[in-house]
Amino acid sequence: MEARKPEMVKIDLSGVFIIFGGTGDLTNRKLMPAVYNLIRDGLLPEHFAVLAVGRKDKTQEGYKEEIKNSIIKYSRNEFHEEVWKKMEQIVTYFKMNFTDSGQYHMLSEFLESYEMNFKTNGNRIFYLAVAPEFFETIIHGIQGSNLILSTANYNRVVIEKPFGKDLLTARSLNKKILQVFPEKSIYRIDHYLGKEMIQNILVLRFCNFIFESVWNSKYIDNIQITLSETLGVESRGAYYEKSGAMRDMVQNHILQILSLIAMEPPVNLKMDSIRNEKLKVLEAMEEITDKFLEENVIFGQYGSGELEGILVPGYREEKNVDQQSETETFVGLKLHIDNFRWAGTPFYIRTGKRMGQQSGEIVIQFKEMPGVLYYKDVYEQTPNLLCIKFQPGNGVRFSFNTKDFSVHNGIVATQMETGGNTPGQGNTPEAYERLIYDIIRGDGTLFSRWDEVEAAWSVADKLIQYREQKKSRFPNYRAGTMGPERAQELLMKDGRKWW
Ligand code: BG6
């Protein structure tokens with residue numbers, strides 16, 4: 001029997017995609033280009049429309065012109081007039097102040113006729129592409145009007161990160177959302193999960209006997225996760241001051257990657273089977289004691305420095321940032337997963353802004369050979385490394401030792417590498433394309449379930465509290481470097497180094 005190929009196919013369901021924050025940065029840079037590419041690839045349902053909700057006064061023509069320009073600028077695929085013609089017919093701008101609860105009834109009335117036009121049967125997706133302080137306001141507005149139709153096939157809500165600012169606020173937000181939408185209709189976005197290379201972690205692990213059979217502490221010496229950015233906080237100083245690297249990157253993207261790297265094989269590829277295994281990783285995280293915090297956690301903040309020959313300001317000099325700010329722009333971490341598979345293998349994590357290099361990479365370092373044949377003091381050997389790289393570019397690199405032909409008896413590390421441009425891999429879709437596609441077809445696998453978010457906050461909260469209680473000596477790394485010196489020591493004291 002021929003195996004079924006799980007290709008992306010045109011979705012059969014109809015629906016309206018309502019974007020709160022229709023004039024915002026996320027909508028312009030990510031959401032609209034993603035919708036454009038889904039139309040281009042013929043993946044959207046036949047009966048589908050987008051309603052962009054915003055506070056600004058705009059004509060339909062003016063709004064569409066802005067969206068068109070964003071697509072030209074940010075889409076991964078070239079702009080084609082015929083695709084745009086299809087898109088502009090299904091996009092409408094709706095002016096509304098979403099902090100005014102009285103205006104939700106107007107939206108509700110408008111939707112009735114809008115939906116008749118597009119034959120979308122009352123199926124609605126509410127996408128909250130707004131600043132986190134408006135999440136509850138909008139949920140409350142939706143609750144207080146007739147926006148959820150019991151006759152529809154579905155009503156879904158999509159929430160961007162950060163989901164709360166700590167465990168308590170996350171719980172309270174979740175409670176409020178649950179009064180309106182059941183868990184299965186809540187899509188908590190972590191856009192890293194939409195990245196092809198992050199999804200590739202499971203394929204690499206569970207489709208390759210050669211990797212999965214050695215994927216444990218018996219063969220793996222340590223695992224390193226690096227998410228370093230050369231960018232500073234740009235125009236997001238006000239947001240970042242309240243967030244810092246812990247809330248911005250660690251609580252979500254990093255812990256999600258860690259869960260995928262460390263999880264046990266799920267019983268099948270169904271949404272909850274995968275989420276259950278990811279959750280167990282967070283639950284098995286070593287206990288965060290005072291000793292752990294003192295020895296294994298490093299916070300940093302960038303001072304001024306040089307990047308590609310250009311002088312850049314320190315964090316405290318950025319716009320909308322307090323001159324005495326204690327916010328961390330770097331986190332370095334060593335942790336253990338206390339379960340049967342990982343006992344004894346450390347995970348090293350680092351993430352930061354304004355670092356010397358942009359890099360998103362997971363490095364699996366395998367244990368060294370015993371050296372009874374090729375003695376270590378005679379032959380220089382490099383440990384086997386499996387690197388999963390997701391930016392810049394995508395690829396997997398495996399490093400292993402071979403004979404060095406240029407000398408009589410030498411050994412040299414050789415690399416085997418696949419790139420995003422490997423034949424058959426095509427032009428990598430943007431994370432948001434996949435995520436929007438999955439929201440419409442109702443697949444939450446690439447979104448965080450509440451208990452995962454809760455477990456991640458339980459870990460992050462302790463680290464954040466520790467940072468807030470401790471007087472920092474910020475800034476403690478120069479822009480353009482790979483973070484504070486102590487981040488190197490974190491590995492050096494274990495006889496290791498960042499790769
Ligand atoms: C976002 C953070 O979630 O991820 C940003 O808020 C960060 O601060 C960004 O720059 C990184 O995403 P990517 O896809 O560019 O690696």
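Rules behind the numbers
- Residues numbered from 1 in each chain as written.
- Predicted model: local features only at pLDDT ≥ 70, side-chain atom pairs only at ≥ 80, totals over all residues.
- Heavy atoms only, no water.
- Phe/Tyr/Trp six-rings, centres within 6.5 Å; stacked < 30°, edge-to-face > 60°.
- Lys NZ or Arg CZ within 6 Å of the ring centre and 35° of its normal.
- Pairing = 2+ DSSP bridges.
- Helix = DSSP H or I, 4+ residues; strand = E, 2+ residues; numbered from the N terminus.
- Axes fitted to C-alpha atoms, helices over the stretch in contact; angles between N-to-C directions.
- 1 Å grid on protein atoms, 1.4 Å probe; cavity = no way out; pocket = protein on both sides within 12 Å on 5 of 7 lines; lining within 4 Å.
- Points joined across faces, edges and corners; volume = space filled by probe spheres on them.
- Nonpolar A, V, L, I, M, F, W, Y, C, P; charged D, E, K, R; others polar.
- Core = buried A, V, L, I, M, F, W, Y, C linked by side-chain atoms within 4.5 Å.
- Buried < 20%, exposed > 50% of the residue type's maximum accessible area, 1.4 Å probe, protein only.
- Contact = heavy atoms within 4.5 Å.
- Salt bridge = Lys/Arg side-chain N within 4 Å of Asp/Glu carboxyl O.
- Lys, Arg positive; Asp, Glu negative; His and termini not counted.
- Polar contact = N/O pair within 3.5 Å; in protein donor to acceptor, adjacent residues only side chain to side chain.

**Q** Go over the packing of aromatic side chains, please, and point to the residues and values.
**A** Counting across every chain of the model gives 24 aromatic pairs. Each residue in the set Tyr240, Tyr302, Tyr315, Phe330 and Tyr477 is aromatic and connected to the rest through ring pairs, giving one cluster. The cationic tip of Arg156 hangs over the ring face of Tyr154; the distance from NZ or CZ to the ring centre is 3.8 Å.

**Q** Give me the lowdown on the sheet that holds strand S3 (residues 91-95), citing residues and values where you can.
**A** The parallel open sheet is built from six strands, whose spatial order is S3-S2-S1-S4-S5-S6. Edge strands, defined here as strands with exactly one partner in the open sheet, are S3 and strand S6 (186-188). The mean inter-strand angle of the sheet, taken between neighbouring strand axes irrespective of direction, is 20 degrees. Examined bridge by bridge, strand S4 (residues 124-128) and strand S5 (residues 155-159) share five bridges and lie parallel to one another. Counted as the bridge partner of Leu128 is Ile159 from S5.

**Q** How would you summarise empty space enclosed by the protein if you had to cite specific residues and measurements?
**A** Enumeration according to the criterion identifies two cavities of 30 Å³ or more in this entry. Roughly 170 Å³ of volume is contained in the largest cavity. Considering the residues around the largest cavity, the lining is formed by 18 residues, among which Asp190, Gln251, Asn252, Ser448 and Val453 are closest to the centre. Residue composition of the lining of the largest cavity, grouped by class: eight nonpolar, five polar and five charged. Quantified by volume, the second largest cavity comes out at close to 60 Å³. Taken together, Met246, Val250, Met285, Glu286, Ile288, Phe292, Leu333, Leu335, Val459, Ala460 and Leu463 form the lining of the second largest cavity. Every element with two or more residues in the lining of the second largest cavity is listed here: helix H9 (237-262), strand S12 (330-336) and helix H13 (450-469). Counting residues per element, the lining of the second largest cavity draws most heavily on H13, which supplies three residues. Taken together, the residues that form the lining of the second largest cavity break down as 10 nonpolar, no polar and one charged.

**Q** I'd like a rundown of the sheet that holds strand S7 (residues 220-228), residues and numbers included.
**A** Here we have eight strands laid out as an open sheet, ordered S8-S12-S13-S7-S14-S15-S16-S17, and mixed in their pairing. Strand pairing shows two members of the sheet lacking a second neighbour, strand S8 (297-300) and strand S17 (410-419), which therefore form its edges. The average undirected angle you get between the axes of adjacent strands in this sheet is 15 degrees.

**Q** Which residues make up the nonpolar core, and what values go with them?
**A** By size, the foremost hydrophobic cluster in this structure holds 146 residues, and its most contacted members are Phe20, Met87, Leu128, Ile257, Ile261 and Ile362. Here this core gets 12 residues from one element, more than from any other, and that element is H9. The residues touching Met87, leaving out its near neighbours within four places in the chain, are Met32, Val35, Tyr36, Ile39, Ile67 and Ile71.

**Q** Summarise the pattern of salt bridges; cite the residues concerned and give the values.
**A** With the rule as written, the count across this model stands at 33 salt bridges. Among the salt bridges present, the one from Lys176 reaches Glu136, with a minimum N-O distance of 3.1 Å. Pair noted here: Lys176 is in helix H6 (residues 167-178) and Glu136 is in helix H5 (residues 135-143), with a separation of 40 residues, a long-range link. On the basis of relative accessible area, Lys176 is assigned to the partly exposed category, the value being 36%. Taking relative accessible area as the criterion, Glu136 reaches 31% and is therefore assigned partly exposed.

**Q** Let's hear about the side chain of Asp461: which residues, and what values?
**A** Residue position: Asp461 is located in helix H13. With no salt bridge to any partner, buried Asp461 finds its closest opposite charge in Arg247, at an N-O distance of 5.8 Å. Within the structure, the side chain of Asp461 is placed 3.2 Å from the backbone nitrogen of Leu167, a separation counted as a polar contact. When near neighbours in sequence (up to four residues on either side) are disregarded, Asp461 contacts Asp166 and Leu167.

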